[in-house]
Structure formats: structure tokens, C-alpha cells
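Structure assessment
Here's the letter readout for the chains.
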Amino acid sequence: MLPSYRAVFTDKEKVIFSALLKNRTKQSLNLDLSWEIADWNQKVVGRGRQAASLKAQAAERMAINTKLKGSGVFTMTVRCSDDKGVSTSRIVRFARLPKLENPSLFYRSKDI
């Protein structure tokens, strides 16, 4: 699934993650992949759900396209459940930068 890491996205970059789903059993699995994004104030600002069918001993990579608008620091919780109720979850923290129009945010005025 998703490793625990921190990512930074620019204001023009799409916020897309990749989830690796693995079926280690000898039978096919129907999986439900869901995600929820909360801002720094723990307000939910996005969520989604996708279904996947994995053959026995197979793996599949799924794109999680958040379609997130705005900037800030976010926490995404991703859950994957099978049809028997077995589930796992991962937490990803990331930031989306605002449009940087003023270079003085990064430099001293005497250096510009």
C-alpha cells in the first residue's frame, strides 16, 4: 500500500498518489479502496472510493487522484478492505504550496 512519507506539491501540480494492492492469497479478492483528506484543522476537504478485483497472487497499482483544490498541509488516510471485512490503513502527510508570486518570500531584499 502507500508508504508513510511526506510529499510537497506545487500549486500547478495535480495531487495524485499511487497505491499498490497485493493479493497474497490463492483466491481472487474484491477490494474497496477509500481515502479521506483532512486539512491542518482536521476538516475533511476530500474523499473518494474505488473498487478493485485482484486475481490470486496478483498485484495492481491504482492511482488516487484527489482533485484537491487550494493549498495547505494535509493528512490523507487510505483504507483498503476486502469483502470479508479485513482491512488495512495508511496515513500520508503532504503539503500543497500556494502560488509563489513574490520571490522575496525566499530571499532577503538586499539579495534580489
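Residues numbered from 1 in each chain as written. Predicted model: local features only at pLDDT ≥ 70, side-chain atom pairs only at ≥ 80, totals over all residues. Heavy atoms only, no water.

1. Considerations on the nonpolar core
Membership of the largest hydrophobic core comes to 22 residues, with the highest contact counts inside it found for F17, L21, L33, I64, M76 and F94. Contributions of two or more residues to this core are made by β1 (6-9), β2 (16-22), β3 (29-39), β4 (44-54), β5 (59-65), β6 (72-82) and β7 (87-96). For this core, the leading source of residues is β3, giving 5 residues. (Core = buried A, V, L, I, M, F, W, Y, C linked by side-chain atoms within 4.5 Å. Buried < 20%, exposed > 50% of the residue type's maximum accessible area, 1.4 Å probe, protein only. Helix = DSSP H or I, 4+ residues; strand = E, 2+ residues; numbered from the N terminus.)

2. Topic: the pattern of salt bridges
Considering all chains together, one arrives at 2 salt bridges under this definition. Where D32 meets R49, a salt bridge forms, and the shortest distance between an N and an O atom there is 2.9 Å. Placement of D32 in strand β3 and of R49 in strand β4 is noted, with a sequence separation of 17 residues between them. D32 gets classed as partly exposed once you look at its relative accessible area, which sits at 24%. Notably, a salt bridge pairs R47 with E36, separated by 2.7 Å at the nearest N-O pair. Of this pair, R47 sits in strand β4 while E36 sits in strand β3; the two residues are 11 residues apart in sequence, bridging distant segments of the chain. On the basis of relative accessible area, E36 is assigned to the partly exposed category, the value being 30%. (Salt bridge = Lys/Arg side-chain N within 4 Å of Asp/Glu carboxyl O.)

3. Considerations on the pairing of β7
Bridge analysis of β6 against β7 gives 10 bridges, and the strand direction is antiparallel. Bridge pairing in β7 links S81 to S87. Counting the residues between successive antiparallel strands, the hairpin from β6 to β7 contains 4 residues, one of them, G85, with a positive phi of roughly 90°. (Pairing = 2+ DSSP bridges.)

4. Quick notes on the layout of surface pockets
The gaps left among the atoms become clear once a water-sized probe is rolled over them. Taken as a whole, the largest pocket spans an internal volume of roughly 380 Å³. Around the largest pocket sit 16 residues that line it, and K22, N23, L31, C80 and T88 are the ones nearest its centre. Listing elements by their share of the lining of the largest pocket, those giving two or more residues are β2, β3, β6 and β7. Across the lining of the largest pocket, the residue classes break down as 7 nonpolar, 5 polar and 4 charged. (1 Å grid on protein atoms, 1.4 Å probe; cavity = no way out; pocket = protein on both sides within 12 Å on 5 of 7 lines; lining within 4 Å. Points joined across faces, edges and corners; volume = space filled by probe spheres on them. Nonpolar A, V, L, I, M, F, W, Y, C, P; charged D, E, K, R; others polar.)

Geometric descriptors of this kind do not, in isolation, establish any biological role.
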